[in-house]
Amino acid sequence: MYFLLSMRRIMRKMKSMEQSRSHNSWIRCDTIHSSLFTITAKSNRTSDELVRIMDKYGPIYHFPSIGDPPPLSIPFIGINYCTPHYRNVRSPSKITVIGCVLSGHGRVRVNTDSRRVNPGDVFVLRSGCDHEVISEAEPDEPWTYIWYNIHSHWALNVLEAYRLLTTVVVPDASVEHLFRQGIEWAESKTLEEMQGDLQLLFMQIVIRLSDIQRKRGELLSSLVQQIKLRLDNQLLQPFHTEQLVKETGISAKQLNRMFKKEMGTTIYNYVLTKKMESAKLMLIDTPLTVNEISEQLGYSDAHYFSNLFNKKTGMRPTAFRSHFAEQD
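As the structure is a prediction and not an experimental result, all values here were calculated from the model.

Q: In this structure, what is going on with the overall build of the protein? I would like to understand it.
A: Counting its secondary structure elements, the protein contains 12 helices and 13 strands. Every one of the 328 residues in the protein was classed for burial, and the buried ones make up 45%. Restricting the contact set of the protein to residue pairs at least 6 apart, pairs at least 24 apart contribute 69%. As presented, the protein carries roughly 16,700 Å² of accessible surface, and 52% of it is formed by carbon and sulfur atoms.

Dropping the structure here:
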């Protein structure tokens, strides 16, 4: 049911291409059947660039939509076996990627949030952000992970509903069996079955991750839990550290130190990240103007909001909306 491109076969093919190519050659995966890919020559990449592109190998399964596209589409899943030189960057990404590490080590980045990932960890790379995936594999052991590509803005709504919108890594998640389930199904189920079953599987993974995060969140100190809850519930209001200081009777410096120790980020950056993720959802899913979105998020100055958005995402709100409108 699938065609596995090993590094040895790829290198043989690349050598053959290099011997016969003119000034045009790069590697492109063309869908032949549900999971069958071939290498074809086109464009103007050098052989060194080809080597960098193919610093991973493994099965890829493709499930094209049948009939009307579903609200949550997962057209590609697969397993990556990454060499120490593998690096993949999407800036910004139009897709959401979830992955489960099977062996080895790597690093993932969503915007400026960079995390190391180890066996058993799950990473969530949400759409609308810069993605970077880097292998930290040993020469004799590839970094291996199962990945699902979700081509739908609904993925962000699901992640938001289950409080995973700003999550990048869930350590030691114990959901490898769910990720493997999709790979096993790809070997035996029809495209019609996979279209619905992958959506259910994605939801099971999200619910499981959310449950893990919720239970681990209960381990936060009562004060940090209180601060986090307040910040989450007042996301659409202007943020003032002074109010937290007044309510808790603790200095801003001490509050930040406690919050960062348990949450891994400052109070201000936590609030800003949450607001910008909500802004992305509104830009993608609503007709609200930038001024209206700015007001919704508690910013009285739309220009100031636009500058914050640009600093956080690398794009102005209008450019971000146009970029994602091109996908629809």
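After that view of the structure, there is still more to cover.
Q: Any chance you could explain the side chain of Asp-130 here in plain terms?
A: One can find Asp-130 in the loop between strand E10 (122–125) and strand E11 (131–135). No salt bridge is formed by the buried Asp-130. Its closest oppositely charged neighbour is Arg-109, at 4.7 Å. Of note is the side chain of Asp-130, whose polar atom sits 3.0 Å from the side chain of Ser-91.

Q: What should I look at first to understand the packing of helix H9 (residues 267–285) against helix H11 (residues 302–313) in this one?
A: Any two packed helices are characterised by how steeply their axes cross, that is the angle between the axes, and by the distance between the axes. At a minimum axis separation of 10 Å, H9 and H11 run at an interaxial angle of 100°. Classified by the angle their axes make, H9 and H11 are roughly perpendicular. Contacts between H9 and H11 involve Tyr-268, Asn-269, Leu-272, Thr-273, Met-276, Ala-279, Lys-280 and Leu-283 from the former and Tyr-304, Phe-305, Leu-308, Phe-309, Lys-312 and Thr-313 from the latter. The class makeup of the residues in the contact of H9 with H11 is 9 nonpolar, 3 polar and 2 charged.

Q: Even after reading the chapter, I still don't get the layout of surface pockets, so can you show me in this structure?
A: The probe, sized like a water molecule, is rolled over the atoms to show the empty space still left. The calculated volume of the largest pocket comes to roughly 1,200 Å³. Thr-167, Gln-213, Lys-228, Met-263 and Tyr-270 are, among the 37 residues lining the largest pocket, the residues nearest its centre. Broken down by secondary-structure element, the contributors of at least two residues to the lining of the largest pocket are strand E9 (113–117), helix H5 (191–217), helix H6 (222–233), helix H8 (252–263) and H9. Classifying every residue of the lining of the largest pocket by side-chain character gives 10 nonpolar, 12 polar and 15 charged.

Q: I would appreciate a short explanation of empty space enclosed by the protein in the present structure.
A: With the rule as written, the count across this model stands at 2 cavities of 30 Å³ or more. Empty space within the largest cavity amounts to approximately 70 Å³. Lining of the largest cavity is provided by Phe-63, Ser-65, Pro-70, Leu-72, Ser-73, Ile-74, Gln-195, Leu-198 and Gln-199. Split into classes, the residues belonging to the lining of the largest cavity amount to 5 nonpolar, 4 polar and no charged. Size it by volume and the second largest cavity reaches roughly 30 Å³. If you go around the second largest cavity, the residues you meet are Gln-226, Ile-227, Arg-230, Leu-244, Glu-247 and Thr-248. Elements with a minimum of two residues in the lining of the second largest cavity: H6 and helix H7 (241–248). Class assignment for the residues of the lining of the second largest cavity results in 2 nonpolar, 2 polar and 2 charged.

Q: So what exactly am I meant to see when it comes to the packing of aromatic side chains here?
A: Describing an aromatic ring pair means giving the distance of the ring centres and the angle of the ring planes. For the structure on display, the rule yields 9 aromatic pairs. Three or more aromatic residues joined by ring pairs form one cluster here, namely Tyr-299, Tyr-304, Phe-305, Phe-309 and Phe-320. Just above the ring of Tyr-299 sits the side chain of Lys-275; from NZ or CZ to the centre is 5.3 Å.

Q: What's the story with the environment of Glu-192 in this structure? I'm lost.
A: With respect to the secondary-structure elements, Glu-192 resides in helix H5. Of the residues examined, Glu-192 reaches a relative accessible area of 54% and is grouped as exposed. Separated by 127 residues in the primary sequence, Glu-192 and Ser-65 place their C-alpha atoms 8.4 Å from one another.

Q: Even after reading the chapter, I still don't get the pattern of salt bridges, so can you show me in this structure?
A: The tally for this structure, following the rule as stated, stands at 16 salt bridges. Across the salt bridge formed by Arg-126 and Glu-277, the nearest N and O atoms sit 2.9 Å from each other. Taken as a pair, Arg-126 in the loop between E10 and E11 and Glu-277 in helix H9 lie far apart in primary sequence, 151 residues in all. The pair formed by Arg-126 and Glu-277 is uniform in burial state, with each residue classed as buried.

Q: So what exactly am I meant to see when it comes to the packing of H6 against H8 here?
A: Axis separation between H6 and H8 bottoms out at 10 Å; the angle between their running directions is 90°. On the basis of the axis angle, H6 is roughly perpendicular to H8. Contacts between H6 and H8 involve Leu-223, Val-224, Ile-227, Lys-228 and Leu-231 from the former and Leu-255, Met-258, Phe-259, Glu-262 and Met-263 from the latter. Its residues placed into classes, the contact of H6 with H8 shows 8 nonpolar, no polar and 2 charged.

Q: Explain the nonpolar core here, please?
A: A general feature of soluble globular proteins is that nonpolar side chains tend to end up buried together. Ranked by size, the top nonpolar core spans 53 residues in total, and within it Ile-77, Tyr-148, Phe-179, Phe-202, Leu-209 and Phe-305 carry the most contacts. Sort the elements by how many residues they give to this core and H5 lands first, with 8 residues. Phe-305 has contacts with Met-276, Ala-279, Val-290, Ile-293, Ser-294, Leu-297, Tyr-299 and Pro-317, leaving out every residue within four places of it along the chain. Formed by 19 residues, the second largest nonpolar core is a distinct cluster that contains Ile-60, Val-108, Cys-129 and Val-133.

What counts, and where the lines are drawn
Residues numbered from 1 in each chain as written. Predicted model: local features only at pLDDT ≥ 70, side-chain atom pairs only at ≥ 80, totals over all residues. Heavy atoms only, no water. Helix = DSSP H or I, 4+ residues; strand = E, 2+ residues; numbered from the N terminus. Buried < 20%, exposed > 50% of the residue type's maximum accessible area, 1.4 Å probe, protein only. Contact = heavy atoms within 4.5 Å. Areas by Shrake-Rupley, 256 points an atom, 1.4 Å probe, with all protein chains shown as cover. Lys, Arg positive; Asp, Glu negative; His and termini not counted. Salt bridge = Lys/Arg side-chain N within 4 Å of Asp/Glu carboxyl O. Polar contact = N/O pair within 3.5 Å; in protein donor to acceptor, adjacent residues only side chain to side chain. Axes fitted to C-alpha atoms, helices over the stretch in contact; angles between N-to-C directions. Parallel < 35°, antiparallel > 145°, perpendicular 65-115°, else oblique. Nonpolar A, V, L, I, M, F, W, Y, C, P; charged D, E, K, R; others polar. 1 Å grid on protein atoms, 1.4 Å probe; cavity = no way out; pocket = protein on both sides within 12 Å on 5 of 7 lines; lining within 4 Å. Points joined across faces, edges and corners; volume = space filled by probe spheres on them. Phe/Tyr/Trp six-rings, centres within 6.5 Å; stacked < 30°, edge-to-face > 60°. Lys NZ or Arg CZ within 6 Å of the ring centre and 35° of its normal. Core = buried A, V, L, I, M, F, W, Y, C linked by side-chain atoms within 4.5 Å.

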